[in-house]
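Each chain, written out:
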Amino acid sequence: MPYLSGEETVKELRRALCNPNVHSDPLRHRNAVLRVIRAMSQGVDVSALFSEMVKACATVDIVQKKLIYIFLCSYAAVNPELSLLVINTLRKDCQDPNPMVRSLALRNMTNLRLSSLVEYVEQPLIAGLRDRAACVRRVAVLGWAKLHDLQPDSEIDAAVVNELYSLLRDPDPVVMVNCLRALEGILKEEGGVVINKPITHHLLNRLKECDIWGQCEVLKFLQRYQPQSEDELFDILSLLDASLVSPHPPVMAATVGLFLSLCGSLPAVGLSALRRAQGPLLAACGSGSREMRFTALCHIQLLLRSLPGLLGAHYKRFFCGYAEPAFIKQRKMKVLVELVNDDNVAMLLDEMKGYCTDVNPDTAQAAISAIGHIGRSYSDRSLEILVGLLGLKQDHITSAVVQTMRDLLWVCPQCSSTVCLALEECEDTMQDAQGRQALLWMLGVYGERISSAPYKLEVFIDDVRNETSAGVKLELLTASMRLFLCRPAEMQDMLGRLLHHYIEEETDMCVRDQALLYYRLLHCGKEETEKVLQGRRSDPSLGVLIGPPAESISQWAHSFNTLAPLLQSTFKPDSKPQLSDALRCDPVETSGNCPDKQMDSSTHIQTSSSAAPLSLSVSPALSPEKFERLWLQPRAQHDEHAAEDDCLWIEESIQCPAVFQCSAQSLQASLQLVNVQTLAFTPAHARPWKVYLYTRMQLDSRGSTLILGELVHCEEEPVNEKERTRAPAAAPQEEKTVRVTLRQQPRDDETLKAFLSILTTVLHTHSSSNETLP
Amino acid sequence: GFIVKRELSQKAKLSIYSDLVNVFYEMVTALPGDQPPVVMVTHKDRYFVHVRQGGLFWVATTTADSSPFTIIEFLNRLSALVKDYCGVLNETNITENFALIYELLDEVLDYGYIQTTSSDILKNFIQTEAVSSKQFNLFDLSNVGLFGADTQQSKVAPSTAATRPIQGSREGGKSEIFVDVIERMSVVIGSNGVLMKADVEGEIRVKCYMPNCSEIRIGLNEEFSIGKSQLRGYGAAVRVDECSFHQAVRLDEFDNHRILRLSPSQGELTVMQYLLSDELPSAPPFRLFPTIERDKGGRLIVYLKLRCDLPPNSLFISPCVFNIVVSLSQELSSPDQRAELRPESRAVVWNIPRFAGGTQLSALFKLDIPDLSSASLLEVGPVSLSFELPKLTATGLQIRFLRLSPIQPSQSQRWVRYVTHSDSYTIRV
């Protein structure tokens, strides 16, 4: 209907507009105009009627005026010359005794957005700033911003800028807020509107008069102000306390944003503000509007990064409703995973179990992987559910469960016996390539403990011609190779067939090359092959002994109350950075997909033995359990020369003022650069602050030596005098030392000292770079 | 710029910025399923933020650093305003009233900055009359029953009574006031019948169509208490955990007499919101006794017995979630009930139009499912109920009285309505 006969419509409308009979009857005239606007809003191009509409503009009927202005503003850009005709009417209206007419004319004059009209607009705008009626002043103030936008190069008169600043004291709160907005636009080059102390306090005092939109805007502008003293800061904060728990989510969010930016240097104050705001945020999570719920959930996720377990008692508020949309359910699950603790884990898992059979496969998958996440701390309970889900024999569920089990094994190798048992039972073939890949990885790595593993592989190998996914092909190759190493009798024939097929018939070069590589590798003998294929079975970078550390607020404060938290992809398996770190070294990657990497690690071992005597390496990996066992072995004598079973303990102090304040991730990353692997962290603010790490060092001839270490910072404990003399420069900074305890096996004083110096350097660079941060 | 362009579009009808609208429309429909996320990226560093209200998309374009809370709250507020002015939110009504909406937008937003959303201020500026698509008729009894009783006994306000444009009163239309107490329950009952979660979110909404009413006083139960520690009165206390009020509400008589005072603006106003978590003052309204088993022929037998202590208006039960159901045979306890299989949501929906309080209903479903194994029984579940309970609040909150000043002429009507919805009422089996 609208797009048919556009020209016909225009013609007919013109006829109606020109009809003198219509002109004489105000109601009919208005209706004719109305029809034009309707056509316009339906997408008909009615710009040809411009001159008729300009004529119709001279009317006393306000409704008609408004309609015509809508038309004019839409088409002024197409007809700049004709628009000049309107200006006179508009200027006349600016003198009208009715303030509504004045504001309407002024607003539309500036909405025409024609640079040719600027000279006609300025004078009414100046008059508008001094108008008696607040609604005219509101329009006039914003008019200047529009004018500036129209001609960004031309300077706005300094007198006008001053006038705008003085209008900040206007009795009408909307005028005040509009002034801030206009000045911000006009002074963009100079860094926006200046928020100094008097303005800040003026704005704060008038905050109550504004409606919620004005309050949000003012609070946002106040973020720019830096209080001169701590007293002033606390004065401001106490003034804002009521807004912090405002029932209106926008005001609450803006206030929290302001608190976070004001308290950048006082993280404790920021944290307590967040605690205080949790009530309103939770209320927003139960809001009737699902979009508002979603927004609040995303921000709660942010909050939990710094205050893990904050809302633990309120976990039931995050249970999913039956009819909620999938995007909310998935966010809620992510929040639930963060809230798990000893008290609620049973209820929480029970609830999650219900989500696993959700109609929406994405939601079901998210629920299953959430259970896997909880499994990192409560593995028995979670695995019980996961194994039960395998019994449903539903393709998408099985696939998700298998992937989740793989991810769980990567982090918690202690779950392997349960998983192996479950895999033994699982006889499904999955449609989903991701799931098959995960199954193959587990069959390869834990093949010696799954008695039916070769038969499961056989199904894949028999069906090899129908396989389409390159990822699955590579994984199948690697898995078969690994299984061959531990169960050669059962695998030999199958592996031969597989290699033959891939080398002779495969068209994917990557797969073919991998097959060739393995083929040649087998010629080198068992040991060589083992060395290459023995990849990591678990992720040593994750803290198993202690949970993930709390981040500092500054990591995310800038994105609070912006669109950024909402933008994170809904389907990303993990939201937390440290966990995505773990995914980066996904088992599939290291073991199968990247043959280059594989070669890298093995050549690295060979070359390093001949080259530098100080080369560190983290392979073969050390499991956290083994670390714990070694570390807890009794120290025979506590002095430096405990030569008991060829093992050496030393204790040192390193001066590094700020290292324990920085985030665990960055320290971990910098240690990894020098091939030192960190195993576990305490949270940054905890005292004593501890880090456990290990590395292996190449000795000249005798193979390698394993070094385990513990870094401790503990404020209460006085530091040994003798050690402080080692770093006299930093002596005045009391208690800023980190105590290092190292255990080396087999002992080698040379390398241990060298390692200590490397560690010192890393910690120093790290703490100094951390200090330079604001 | 804050909300950069003048927003609004629904299903590509009002295309002021037709290219933008088309881009948005394509993005929204390209998303899988019917649940689009709130924010989407466009090509030019602009973001669309949209909410869905009344089956329409309300869209704003904005930059990345603006507050999502503000935009979403604004869009919700705007849709409420449009609803106030047009009566009902639907596509035809919007297209009928485009001139009014243009006018409204013009006053609410200037240059992308929110100016005001208060209907008191706006009423001075808005001149266009709403076009009502349907004539409102009090005696149209086909709609009776969604909402319940009132302060003037035995009169029933049809549910559509409050869905009319606010400006009608200007023309000497009926002067009426509606005070609605609306509660949403979200309940999870475990398979052993234990209440696992029970939250009630409630609000008091005032819809006022009285041009010359300067003050309303709303009296709540005297025993109304907030928080755990504070208990009032000797009777059964009506307790909520959290409570917040609209800023226009004056609370000087609240502490002692539980009276809310406010000067109503025309249109809808949420006066008070409250929340009761983890507790219900009375037993949950529905109890379900399910039996699920496999018969010899490999069919799944689901026997449901539902007991209800309160009479709901309408009740939908969707008990089973299954992957593949070939056929369904059913035996229901009453002929006016229906049950159907919804393959897309893998559920059997049992629709009960009438359900007297204190009675019991039962249903027997036999489902043919290929490859039914004992493990499949795990997959059955949870039963979800959606219902509406009129004349009832789950918290027990009541409006004791509603006084208007100055005293209104006798033909003015005052309605107090209570309703409890199921936000999510889930029973595990």
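Going by the annotation in an unreviewed UniProt entry, the name recorded for chain B is AP-4 complex subunit mu-1-like, with Gouania willdenowi given as the source organism. The UniProt entry for chain B carries the following comment under Subcellular location (unreviewed entry): "Membrane, Coated pit". Its UniProt record, at the heading Sequence similarities (unreviewed entry), says of chain B: "Belongs to the adaptor complexes medium subunit family."

Taking an unreviewed UniProt entry as the reference, chain A is identified by name as AP complex subunit beta belonging to Gouania willdenowi. In the Subcellular location (unreviewed entry) part of its UniProt record, chain A is described as follows: "Endomembrane system". Turning to chain A, the UniProt annotation filed under Sequence similarities (unreviewed entry) states: "Belongs to the adaptor complexes large subunit family."

Caption draft 1: Region of the structure containing the overall build of chain A. In terms of regular secondary structure, chain A is built from 37 helices and six strands. Per-residue burial for chain A yields a buried fraction of 56% across its 774 residues. Put simply, of all contacts in chain A between residues at least 6 apart along the chain, 69% involve residues at least 24 apart. Split by element, the accessible area of chain A, about 32900 Å² in all, is 53% carbon and sulfur.

Caption draft 2: Main features of the nonpolar core. Grouped together as the largest cluster of nonpolar side chains are 247 residues, with contacts concentrated most on A:Val46, A:Phe71, A:Phe318 and A:Met352. Counting residues in each nonpolar core, the second largest holds 32 residues, with B:Val348, B:Ile352, B:Val383 and B:Ala394 among its members.

Caption draft 3: Region of the structure containing the interface of chain A and chain B. The partner chain B presents 78 residues to the 80 residues of chain A that form the contact. In total, chain A and chain B occlude about 6800 Å² of area from one another, counting both sides; carbon and sulfur atoms represent 58% of this. Among the residues of chain A in contact with chain B, A:Trp213, A:Tyr322 and A:Leu563 are the three that bury the most area, contributing 12% of the side total. In this assembly, chain A and chain B are joined by six salt bridges. When the shortest N-O distance is used, the salt bridge between B:Glu103 and A:Lys66 registers 2.6 Å. At the boundary of chain A with chain B, the tally comes to 15 residue pairs in polar contact (both at pLDDT 80 or more). Per element, the largest residue contribution to the side of chain A that touches chain B is eight residues, and it comes from helix α17 (residues 290-306) of chain A.

Caption draft 4: The arrangement of the sheet that holds strand β8 (residues 215-220) of chain B in detail. All names here are of chain B. Overall, antiparallel pairing links the three strands, which are arranged β12-β8-β22 in an open sheet. Only two strands of the sheet have a single neighbouring strand rather than two, namely β12 (259-262) and β22 (399-405). In this sheet, adjacent strand axes meet at a mean angle of 15° when their direction is disregarded. The pairing of β8 with β22 spans six bridges and is antiparallel. From the neighbouring strand, isoleucine 216 faces β22, where its bridge partner is leucine 404.

Caption draft 5: Quick peek at the packing of helix α25 (residues 453-462) of chain A against helix α26 (residues 470-486) of chain A. Residue and element names in this part refer to chain A. Remark: α25 packs on α26, axes separated minimally by 11 Å, with the N-to-C direction vectors making an angle of 145°. Helix-helix and strand crossings are classified by hand; for α25 and α26 the assignment is left-handed. Here α25 contributes Ala453, Pro454, Leu457, Phe460 and Ile461 to the contact with α26, which in turn contributes Leu476, Ala479, Ser480 and Leu483. Split into classes, the residues belonging to the contact of α25 with α26 amount to eight nonpolar, one polar and no charged.

Caption draft 6: Seen up close, the packing of α25(A) against helix α27 (residues 488-505) of chain A. All names here are of chain A. Put simply, α25 and α27 touch, their axes get as near as 11 Å, and they point 20° apart. What the angle tells us is that α25 and α27 run roughly parallel. Judged by the sense of rotation from one axis to the other, the crossing of α25 with α27 is left-handed. Seen from α25, the contacting residues are Pro454, Tyr455, Leu457, Glu458, Ile461 and Asp462; seen from α27, they are Glu490, Met491, Met494, Arg497 and Leu498. Along the lines of polarity and charge, the residues of the contact of α25 with α27 split into seven nonpolar, no polar and four charged.

What counts as what
- Residues numbered from 1 in each chain as written.
- Chains lettered and ligands numbered in written order.
- Predicted model: local features only at pLDDT ≥ 70, side-chain atom pairs only at ≥ 80, totals over all residues.
- Heavy atoms only, no water.
- UniProt positions renumbered as here; feature names shortened; annotations may be inferred.
- Helix = DSSP H or I, 4+ residues; strand = E, 2+ residues; numbered from the N terminus.
- Buried < 20%, exposed > 50% of the residue type's maximum accessible area, 1.4 Å probe, protein only.
- Contact = heavy atoms within 4.5 Å.
- Areas by Shrake-Rupley, 256 points an atom, 1.4 Å probe, with all protein chains shown as cover.
- Core = buried A, V, L, I, M, F, W, Y, C linked by side-chain atoms within 4.5 Å.
- Buried area = accessible area lost by both parts, 1.4 Å probe.
- Salt bridge = Lys/Arg side-chain N within 4 Å of Asp/Glu carboxyl O.
- Polar contact = N/O pair within 3.5 Å; in protein donor to acceptor, adjacent residues only side chain to side chain.
- Pairing = 2+ DSSP bridges.
- Axes fitted to C-alpha atoms, helices over the stretch in contact; angles between N-to-C directions.
- Left-handed = near helix turned anticlockwise from the far one by under 90°.
- Nonpolar A, V, L, I, M, F, W, Y, C, P; charged D, E, K, R; others polar.
- Parallel < 35°, antiparallel > 145°, perpendicular 65-115°, else oblique.

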